[in-house]
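Each chain, written out:
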Amino acid sequence: RRGCVSDAYEVTGLWRYPVKSMAGEAVEAVELDADGVAGDRRWGVRDLDTDRLASAKKPRPFGGLLDWSARITDDGTVEVASPGGQKWTAGDPDLDTALSRAFDRPLVLAPVEAGREETYDSEWPEIPGTALSEVEVELPVAMMTERASFVDLAAVHLIVEESVAHLSELIGAEVPIRRFRPTALLRSVMEAAPGFVDLAWVDRAATAGDVGLHIGGPAPRCVMTTLPQGDLGAQREVLQALAEHARHDTGMGVFACLGTYAEVTNPGTVRLGDRFVLAA
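Before going into details, it helps to say that this report is about the structure given with it. (Residues numbered from 1 in each chain as written. Predicted model: local features only at pLDDT ≥ 70, side-chain atom pairs only at ≥ 80, totals over all residues. Heavy atoms only, no water.)

By the criterion of burial, strand β14 (residues 184-188) is predominantly enclosed, with four of the five residues buried. For strand β1 (residues 8-16) and β14, the ladder comprises five bridges, and the chain directions are antiparallel. By the bridge assignment, V11 is partnered in β14 with L186. (Buried < 20%, exposed > 50% of the residue type's maximum accessible area, 1.4 Å probe, protein only. Helix = DSSP H or I, 4+ residues; strand = E, 2+ residues; numbered from the N terminus. Pairing = 2+ DSSP bridges.)

Our focus in this paragraph is the environment of H248. Topologically, H248 is positioned in strand β17 (residues 247-249). For H248, a relative accessible area of 18% corresponds to the buried category. Spatially, the C-alpha atoms of H248 and P59 are 24 Å apart, while their sequence positions differ by 189 residues. Excluding residues that lie within four positions of it along the chain, H248 makes contacts with L199, V202, P218, G253, V254, F255 and C257. (Contact = heavy atoms within 4.5 Å.)

Ranked by size, the top nonpolar core spans 37 residues in total, and within it W124, V164, L167, F180, F196, L242 and L258 carry the most contacts. Going through the elements one at a time, β11 (119-124), α3 (161-171), α4 (237-245) and β18 (254-266) are the ones with two or more residues in this core. Here this core gets five residues from one element, more than from any other, and that element is α4. In this structure V164 touches I159, V175, I177, F180 and L258, once residues within four positions along its chain are discounted. Residues V30, L32, W201 and L278 belong to the second largest nonpolar core, which totals 24 residues. (Core = buried A, V, L, I, M, F, W, Y, C linked by side-chain atoms within 4.5 Å.)

Together, E31, D33, D35, E146 and D210 line one region of the surface with negative charge. When you line up the elements, D35 lands in the loop between β3 (29-33) and β4 (36-37). Looking at D35, the relative accessible area reads 32%, which means it is partly exposed. (Patch = residues over 30% accessible without salt bridge, like charges linked within 9 Å, V, L, I, M, F, W, Y side chains within 5 Å. Areas by Shrake-Rupley, 256 points an atom, 1.4 Å probe, with all protein chains shown as cover. Salt bridge = Lys/Arg side-chain N within 4 Å of Asp/Glu carboxyl O. Lys, Arg positive; Asp, Glu negative; His and termini not counted. Charge placed at Lys NZ, Arg CZ, Asp CG, Glu CD.)

In this section: empty space enclosed by the protein. Evaluated as defined, the whole model comprises one cavity of 30 Å³ or more. The computed volume of the largest cavity comes to approximately 50 Å³. If you trace the largest cavity, you find 13 residues lining it, with L32, L158, A184, A208 and V270 closest to the centre. When contributions to the lining of the largest cavity are tallied by element, the ones reaching two or more residues are β1, β3, β13 (156-160) and β14. Residues that form the lining of the largest cavity fall into these classes: twelve nonpolar, one polar and no charged. (1 Å grid on protein atoms, 1.4 Å probe; cavity = no way out; pocket = protein on both sides within 12 Å on 5 of 7 lines; lining within 4 Å. Points joined across faces, edges and corners; volume = space filled by probe spheres on them. Nonpolar A, V, L, I, M, F, W, Y, C, P; charged D, E, K, R; others polar.)

Moving on, we get to the sheet that holds β4. Strand-to-strand pairing in sheets goes through backbone hydrogen bonds, with the strands running parallel or antiparallel. Taking strand neighbours across the sheet as the criterion, the three strands line up as β4-β3-β19 in an open arrangement whose pairing is antiparallel. This sheet does not close on itself; its edge strands, each paired only once, are β4 and β19 (268-271).

Time to look at unusual backbone geometry. For the bond running from R60 to P61, omega is 20 degrees, close enough to zero to count as cis. Structurally, the position occupied by P61 is in helix α1 (residues 59-62). Of note in this structure, D51 is not a glycine but carries a positive phi near 65 degrees. Along the chain, D51 turns up in the loop between β5 (43-47) and β6 (52-53). Within the chain, D104 stands out as a residue other than glycine whose phi angle is a positive 55 degrees. Inspection of the secondary structure puts D104 in the loop between α2 (93-103) and β10 (107-111). When its relative accessible area of 69% is taken as the criterion, D104 is described as exposed.

Within the secondary structure, A102 is located in helix α2. On the basis of relative accessibility, which here comes to 49%, the residue A102 falls in the partly exposed class. Placed 20 residues apart in sequence, A102 and S82 show a C-alpha to C-alpha distance of 9.3 Å.

So, on to the packing of α3 against α4. As a packed pair, α3 and α4 sit with axes 10 Å apart at the nearest point and diverge in direction by 105 degrees. It follows that α3 is roughly perpendicular to α4 by the angle criterion. Listed contacts from α4 to L167, L170 and I171 of α3 are E237, V238, A241, L242 and H245. (Axes fitted to C-alpha atoms, helices over the stretch in contact; angles between N-to-C directions. Parallel < 35°, antiparallel > 145°, perpendicular 65-115°, else oblique.)

Right, let's get into the layout of surface pockets. Roughly 470 Å³ of internal volume is contained in the largest pocket. Lining the largest pocket we find 28 residues, and of these K57, D152, L153, P220 and Y261 sit closest to its centre. If you list the elements that add at least two residues to the lining of the largest pocket, you get β11, β13 and β18. Across the lining of the largest pocket, the residue classes tally to 17 nonpolar, four polar and seven charged. Together, 17 residues line the second largest pocket, and P125, E126, V223, T226 and R236 are the ones closest to its centre. For the lining of the second largest pocket, the secondary-structure elements that each account for two or more residues are α1, β11 and α4. With three residues, the top contributor of residues to the lining of the second largest pocket is α4. Looking at side-chain class alone, the lining of the second largest pocket contains eleven nonpolar, two polar and four charged residues.

Here is the structure:
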């Protein structure tokens, strides 16, 4: 069915996450180049005891980072807010003090250094039939893209509305999109067949507005999708259902997947309402 009308989608949501593992901000447009979304994950919390990045993929002790948030202000600076609503500008030593106090360890908010190899600790719960189950591993950032940001794998992360709706039906409860921290949310312009249609998006070219993309394949999901964050409680069923119904061999092993990762082949701007089209 390549190239047919059902391979066209509308961009219905866009986000950027200025600080790795913190809540981000919904936006009306994103600038994309080979390094991904401008301003996305250009900062991370560094654990001075280990010199590794802090990630909510290791819920103990860093799951609480999801309750912090970051946004880019009109003058281009990054503003970080605590769960209690206190605000600081990235680079303010008082923010480092507040983070260290909140997580009871020496932490600093650090900007990305292009080309520097960075790692983070991750904890994987029991996920039957997958490559990482009941283990703790140290993982590199930017595994599939240039080391110009603190993304986990690739520069762009796409989620299809119909896939999340299908997941919600499987577990009998709504699964909020923000659990998956996508760059863009896509909605089919035609009635879509139920299921995880994007699991089949492997090594595909696509366009979003005037931006060219190369989709590598499905995005492996981790414990972060299940954690409490903001006003959301824990939802362990998310990962359990994906492990049962949406396993995919990524080339690095079999993982529970939802959404896809992509790289930018033609820079430009993507706006809400733009058309996303998979190439034939």
